[in-house]
Amino acid sequence: MFEDFQFSTILVATIRSAPILLFAAFAGVFAERSGIIDLALEGKMLASAFVAAACTYAFQNPYLGVAAGILVSCCIVLLQGYVAINQKGNQLVFGIAINIAMSGLTFVLAQYFFQLGGRSPDLGAARFAVFNFPFADWWSTIPALNWLLGKFLGGHTILVYLAFALIPFLHWLMNHSRFGLRLRAVGENPHAADAAGINVAQTRYLALLCGGVLCSLSGAYLAIVQSGFFLRDMSAGNGFLALTAMVFGNWRPIQTALGCLMFGFFAALQIQMEGVAFPIVGQIPGSLIQMLPFVVTVIVLAGVMAKSVAPKALGVPFVKSR
Amino acid sequence: MNSDLPRWATNVVLPFLNLLTALVVAAGVIYLLGESPLEALAILVNSSLGNVEGFAYTLFYATTFILTGLSVSVAMQAGLFNIGSDGQMYLGGLGLTLVMLQFDASMPSWFLISLAFMGAALFGAAWAFIPGYLQARRGSHVVVTTIMFNFIAASLMNFLIITYMIPTGEQNPASRVFAETGWLPRLGSVFPVLGDTPLNLSFVLAVLFLLIYGVVVWRTRWGYALRAAGKSAHAAQYAGISMAMVVIVTMLVSGALAGVAAMNTLAGSMHYLSLNFTNGAGFIGIAVALMGRQHPIGIFLSAVLFGILIQGGFDLSLEKPNIPAETFVFIQGLIILFCGAMENMYAPALSRILNSIDQKWGKHV
Amino acid sequence: DQPKYALVYDAGGKFDRSFNQSAYEGAERFKKDTKISYVDVQVMSNAQGEQVLRNLARKGINLIAAIGFTHAQQVQTVAKEFPNTKFVIVDGTAAGANVSSVLFKEQEGSYLVGVAAALASKTKKLGFIGGIDIPLIRAFACGYTQGAKAVDAKAEVTQNIVGTTATAWNDPAKGSELARAQMERGIDVIFAAAGGSGMGALQAVKEKGKMAIGVDSNQNYLFPGVMLTSMVKRVDNAIYDSFMQMKNGTWKAGVSNLGLKEGGVDWALDKDNRSLITPEIEKRVNSAKQDILNGKVKVVDYREASRCPL
Amino acid sequence: MPIAVEFRQISKRFGKVLANDAVSFAIARGSIHGIIGENGAGKSTLMSILYGYYHADAGEIFIDGEVRAIRNSHDAIGLGIGMVHQHFMLVEDMTVLDNIMLGMEGGFRLRGQRAKAKQTLQTLCVDYQLDIRLDARIDSLSVGEQQRVEILKQLYRNANILILDEPTAVLTPQEADALFAILRLFKQQGKTVILITHKLPEILAITDEVTVMRAGTVVAALQTAHTDKEELAHKMVGRSVATELARQPLEVGATVLEVTNLQLRNVQGVSLLADINFSVRAGEIVAIAGVSGNGQSELLEILSGMRFAQADLMTGQVVIQQEAIDFSKRDPKLPARLRKLGVSHVPEDRLRDGVIKSFSVWENCLLGQQSEQIYLDKKQAVAASDALLEQFEVRPLDSHLRISQLSGGNQQKIVLAREIAAKPKLMLVGQPTRGVDIGTIQRIHTELLALRDAGVAILLVSAELEEIRALADRILVMSGGRITGELNIADYDTTRIGLLMGGLHK
Ligand SMILES: Nc1ncnc2c1ncn2[C@@H]1O[C@H](COP(=O)(O)OP(=O)(O)OP(=O)(O)O)[C@@H](O)[C@H]1O
Ligand SMILES: Nc1ncnc2c1ncn2[C@@H]1O[C@H](COP(=O)(O)OP(=O)(O)OP(=O)(O)O)[C@@H](O)[C@H]1O
Ligand SMILES: [Mg+2]
Ligand SMILES: [Mg+2]
């Protein structure tokens, strides 16, 4: 059975699909560490995926597409800030509202503009360039190097490298920068932060904006890199998976990233497990194999992980009173 | 913030203004799609509220949402965010179907239906038990585990339906149709004015559950313990309330309610189990619970609001081909946004207006 | 008095580039040819299905065509209530003296594209991507495998499905990921029967310069030079014919199972894939078609056998 | 002397409550200025306005003779104002260092700044004799240490005007003394200190001037040197307050609580309680004295059934009303069962354990008592709650308010009222008057004594020796998790108790 599993393929697939969850989960980390529950990841991803794809198609330039996606995501985030920070509204409700609204709106707009059943036209050549290591004709002759440089480390778009570069950067930003310190303070105890002279609302808006940018990258990656077009509801639950990874990772960048990669790994493993005959149980039906990443998560959460501790002020609007 | 507003203002005027805002934005979209908003609104209201049959359909859709909304609300009272109602409803459907398939030839109707009810509740509860148990004993975040259990439920049901439930040679990934003894009595058979609509006994059941929920949560010792545990773990410990117990029991109840929601769809209308029959009702339940602020009347009203959007929206897209059905998904989102998340948007302005009226007339309204 | 017609799509919707769209095209052709218009509706949920059918019947529609197996049960229920209304159910069966059930022998069309795939493949490794694990999708996969193995018994067919929820049909990222994973294992021809997710797979195949096979309608035009062929399922013809028969008064109830012989399924050969189909492939596929037509080859239907012989 | 802060006609309203009503007074630079008043008099509100936490509805604030608009804490900090709040404003899961740097980081990258700040802080710690581990997380610190962090934070920020809101409420006498030493140092350097406290001896000991507030207004401004305890108390409450309470002669009954050989170890195996032996009889008040953190809290937790989780590390026997309590079952419902045995409990941390902030007052009156009936009769519960509020003079008298809308002292009264109303046989009381004004203290003490006279056994844990002296019949002194001495009230001797608290055995 083991010849059916190509570990190298699984690793490559893990890396390639990682940005979807990484960007979104990091967006969640920003929002939630600042004390705002972000159930709206799914909606923001979808909106930016649509706008990114539509603009990439319109301008035939993926960078413009991404920029437009970021813009839209940030608009949603400003609304989110207005609701969560100024209005002190219910953050969970906002998230659900945006997810539902965007699922409907992106379809309606896609249909209105393109008439392809909630799909955008194919982006064709307007995609991100793929990074390749130089001297390919030298290393590609050595199989191990060919895999390492050609598939594992090389051969990805800029967004993949960006997503991975964010892991150490966010760790640094959260733990060793002024912004991170203030952000965490605002999410743990906004009253203390306020007493220390920090503008709670401003810090939270900033955190949300950072999250908005990241979340839109996730959507852009879905549409421009992974699919090559926009399709209705193409976020397909990834926003919620990202949130799961974030909770799993205790709202910390590195652990969250590990959670995302774990999902990616088991999703890739699951792809390879389909149709393979196992000893004793034989071939496991495809529908059952689909459970794998989720079952693993539950087992890890229940068995290995310590209790996850959310930021203390998470979901509580900051009101100056007792 | 709005504590200085009179109750009638917070409970009637503000929701009305919010709904109006949502509708104005929706009207803008409909206008941009090239249709007349007023006409659209007329069709929407007329088809969902304007005739008895349409209203019956509205209530039929609302029934499921009341039950899933209750499921989410109960958990919220205990401070648990059960995102898994959808999966629990799906599994509840399995419990119900197993009873039906096994006994629908051999049992009297009332007994079969009671048994199916228990099957649905039991399976729903069992599916919620695991996340509840893990939260209570292992500290695994119930939000994460219930999301995971939704996915796992989808896989499991997919497997069970296509492997064991499809009658041989059938295309449709669904069970066989239950015998008519297993069909829930339709309210239309008692009140012919309701016409031939799927509105059935589960509606009565759902309203009953709303009442029970209201009484149990606010007027019993168990409900007190539930709310206390939901607000403060320390105070619960001080009062001798077992947090673990509350978590597990609440999840069981929440799951059972979600499971029972399958009654309306399966025993009341479809009469067979099909792939993904919940159609996201569990997620709408979250919106219903949040918008209804976990209050029985709130849950009822927001469930009906969603019923209106589904029933009216559908008819509207039938009459106006320019308005895709998905427009109503968008409008749903808008309504949740304005009525649920931005509910206090007009509170300051309203309170200013009321104050100036107060001053002008020199009395307290 | 002219009969009135209606078309009911399932959750995929009118523009799914798949069988709903194909039905829509059939109806449009009917409209163009006869200048008779029709009503069409998209149903969002199972519970809604009955309501829609009933409403249409009550409005005095004479022929209601419901697309997709999810409608099967609903058609059966509603048809009983409206014995004077005629119903067509595509992709499923429903009992009733006023119901015509149209099924397709997807396995036969899939067999043909399996033959083409095995011939075109250099690695003799083929891929199949399905949306959800359901009998219909298994029938596609099973026919495809039979065709491939008929050409080369050693050909390997790897199957993957996208997911288990409704989003599985709308997850192009996962579809493309499956395709990439398959191609990394050396697979060079991929048959995608996964709705919108399949579009993602086709896109990934195009990027890697391998070959893909489309499904339901002729998708060759999407990526000329990449699309080896498409397994077409003529839902459009089925709808067109039903509407025409109704118009001419020749409409009949019953089950029809449309295969190669009835023109219900086929493989697509046009300018867009001409360059990929060598004369050799064309010859072999056509002879396989002949074999099926004259009964020399019997393609097993997964749905009848409940298992795939391979 | 020049004026550091002057309030002019400051008014602030919360809904129906007028928390500050045209408050005007001035505070001299380089002085220690006391503010006293009943719970809810508006002291904290006024200080919060000065610190920019709230906005005044009307009025002006002058800092160093200039009118200033203080829109937020940031502005206040800019004006050299620092505040140590009643509830500490610390981020629990961050280190001491990060908490102090918060808002004054010095640069975007923390690494270098942390080192710099550390150096500055270490010199400050030496100068002011503060013992603080800069790398410790806040939640690993005792309240006294957290207080020091707050002080250090203000030192680090070089605050010229330091507001302290009830800083000693949670401190041991020793810690309080250390704090006052720092405040005097402050004063010497020409800085201004504003001190809010309910403890009149502190006011008399350290302040130069004192302002008395009642119901949102200033009722008196006095020179500390020219006043005394009685006058202050009278001004505060509006009537004269008896400082000594009358006590009935001791009349003990059967033993209600008997503790034998109680030992407690935490998960790491560190001994928290050892060789605890004592009993409490009906009709007597047994007080446990000791510097907080010496096992009193743990003892109360065990006796009230709240420490079930660590039960396996516990040995010994507890008998209440002749019934041996089995702690080994890890039963989270134990507190409820103990209540059935007639045990009432006023927890030390009332905000955390004793009330549910978002519940209404009447609902909070049911906490712990909820197991009696299945159906909650709201009318009856509200009536009962109203009666309690009236009996204990809770202000405002409205059972439908959220309890968080009440001042701390009133919340405390409600908890006490609730526990007394349960007609206990044994009452466990932890720090009953922490943060409570002098009128309320008197009220609470009267109630506890009445309870004793009615034959209830009372175990009192208090860090206030004054309180112990006023209430106790017997005193147990705890140190390092052991009972280091026992004495009757007749033999009360502050020096001896102090020595025993310091761990010196008899
Ligand atoms: N030099 C320092 N002095 C004081 N506190 C520091 C210092 N460096 C880090 N911290 C604090 O210690 C905590 C942990 O920082 P550290 O760099 O060890 O990250 P970590 O424990 O690896 O976190 P993560 O969970 O993200 O991996 C943070 O709250 C940070 O603010
Ligand atoms: N944020 C708030 N919202 C509503 N009412 C408040 C708020 N803050 C204070 N109050 C009310 O204002 C009044 C004054 O409260 P404040 O906290 O200033 O009293 P205090 O003198 O500090 O009392 P204590 O001695 O108990 O600390 C009280 O009646 C209190 O209930
Ligand atoms: Mg680390
Ligand atoms: Mg105060």
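Scroll up to find the structure this text is about.
Below you will find a few notes about this structure. (Residues numbered from 1 in each chain as written. Chains lettered and ligands numbered in written order. Predicted model: local features only at pLDDT ≥ 70, side-chain atom pairs only at ≥ 80, totals over all residues. Heavy atoms only, no water.)

Some words on unusual backbone geometry
What counts is decided by this rule: In this text, helices come from DSSP runs of H or I with a minimum length of four residues, and strands from runs of E with a minimum of two, each type numbered from the N-terminal end. Per-residue accessibility, obtained with a 1.4 Å probe over protein chains only, is compared with the maximum for each type, and a residue is labelled buried under 20%, exposed over 50%, and partly exposed between these values.
Looking along the chain, the bond that leaves D:R395 and enters D:P396 is cis, with omega of -10 degrees. Note on placement: D:P396 falls in the loop between α13 (378–391) and α14 (408–421). Look at B:N276: it is not a glycine, yet its phi comes out positive at around 50 degrees. Along the polypeptide, B:N276 turns up in the loop between α11 (243–270) and α12 (281–291). Of note in the backbone geometry, D:Q129 takes a positive phi value of approximately 50 degrees without being a glycine. Counting through the fold element by element, D:Q129 comes out in the loop between α4 (110–127) and α5 (143–156). Assessed through its relative accessible area of 71%, D:Q129 is described here as exposed.

A word on the packing of aromatic side chains
Put simply, the test is: Aromatic pairing here means that ring centres of Phe, Tyr or Trp (its six-membered ring) are within 6.5 Å. Orientation follows from the plane angle: under 30 degrees is stacked, over 60 is edge-to-face, and everything else is tilted. The rule is short: NZ of Lys or CZ of Arg within 6 Å of the ring centre and within 35 degrees of the ring normal puts a charge over the ring.
One pass over the structure, following the stated rule, counts 35 aromatic pairs over all chains. On the numbers, 5.9 Å between centres and 90 degrees between planes, the contact of B:Y213 with B:W218 is edge-to-face. We classify B:W218 as partly exposed; its relative accessible area is 24%. Aromatic pair C:F128 and C:F191: ring centres 5.5 Å apart, planes at 75 degrees, arrangement edge-to-face. One end of the pair, C:F128, is in strand β6 (residues 125–132); the other, C:F191, is in strand β8 (residues 189–193), and 63 residues separate them in sequence. Taken together, the aromatic side chains of A:Y57, A:Y112, A:F113 and A:F114 make up a single cluster linked through ring pairs. When the ring centre of C:Y240 is taken as reference, the NZ or CZ atom of C:R29 above it lies at 4.5 Å. Seen from the ring of D:F62, D:R8 lies directly overhead, with NZ or CZ sitting 3.9 Å from the centre.

Observations concerning the interface of chain B and chain A
Applicable threshold: Throughout, a residue-residue contact means that at least one pair of heavy atoms, one from each residue, lies within 4.5 Å. The term buried area refers to how much accessible surface (probe radius 1.4 Å) is lost by two components on association, counted for both of them together. Here a salt bridge means any side-chain nitrogen of Lys or Arg lying within 4 Å of a carboxyl oxygen belonging to Asp or Glu.
With 39 residues of chain B in contact, the opposing surface of chain A contributes 42 residues. Regarding the contact of chain B and chain A, the summed buried area is about 3600 Å², with carbon and sulfur atoms giving 80% of it. The interface formed by chain B and chain A includes one salt bridge. Between A:R232 and B:E326 there is a salt bridge, and its shortest N-O distance comes to 2.7 Å. Of all the secondary structure elements, the ones that give two or more residues to the side of chain B that touches chain A are α5 (109–138), α6 (142–165), α12 and α14 (326–341) of chain B.

Structural notes on the side chain of A:D122
The topology assignment puts A:D122 in the loop between α4 (91–114) and β1 (130–131). Residue class for A:D122 comes out buried when judged on its relative accessible area of 19%. Setting aside residues up to four positions removed in sequence, A:D122 forms contacts with A:Y57, A:G228, A:F229, C:Q203 and C:F223.

Quick look at the site of ligand 1
Note the threshold: In this text, near means that some heavy atom of the residue lies within 4 Å of the molecule or strand in question. Counted as a polar contact is a pair of N or O atoms within 3.5 Å, where, for protein atoms, one must be capable of donating a hydrogen and the other of accepting one, and residues adjacent in sequence contribute only when both atoms are in side chains. To be clear on the numbers: accessible area is Shrake-Rupley with a 1.4 Å probe, and residue cover counts the displayed protein chains and nothing else. Under the grouping applied here, Gly and all other residues not named as nonpolar or charged are polar, the nonpolar ones being Ala, Val, Leu, Ile, Met, Phe, Trp, Tyr, Cys and Pro and the charged ones Asp, Glu, Lys and Arg.
Around ligand 1, the surrounding shell consists of A:H171, A:N175, A:H176, A:R184, A:R252, A:Q255, D:L97, D:D98, D:R114 and D:D135. Chain contributions to the surroundings of ligand 1 come from chains A and D. In this structure, an oxygen atom belonging to ligand 1 sits 2.7 Å away from a side-chain N or O atom of A:H176. Contact between ligand 1 and A:R184: an oxygen atom at 3.0 Å from a side-chain N or O atom of the residue. Contact with the protein chains removes 63% of the 620 Å² of surface that ligand 1 exposes when unbound. For the shell around ligand 1, a count of residues per class yields one nonpolar, four polar and five charged.

A look at the pattern of salt bridges
Tallying each qualifying case throughout the model produces 59 salt bridges over all chains. A salt bridge links C:R29 to C:D236, with the nearest nitrogen and oxygen atoms 3.7 Å apart. Here C:D236 lies in helix α8 (residues 235–248) and C:R29 lies in helix α1 (residues 19–34), a separation of 207 residues in the sequence. By relative accessible area, C:R29 is classed as partly exposed at 31%. Three or more residues joined by partner-sharing salt bridges are found here, namely B:R186, B:D196, C:E50, C:R54 and C:E81.

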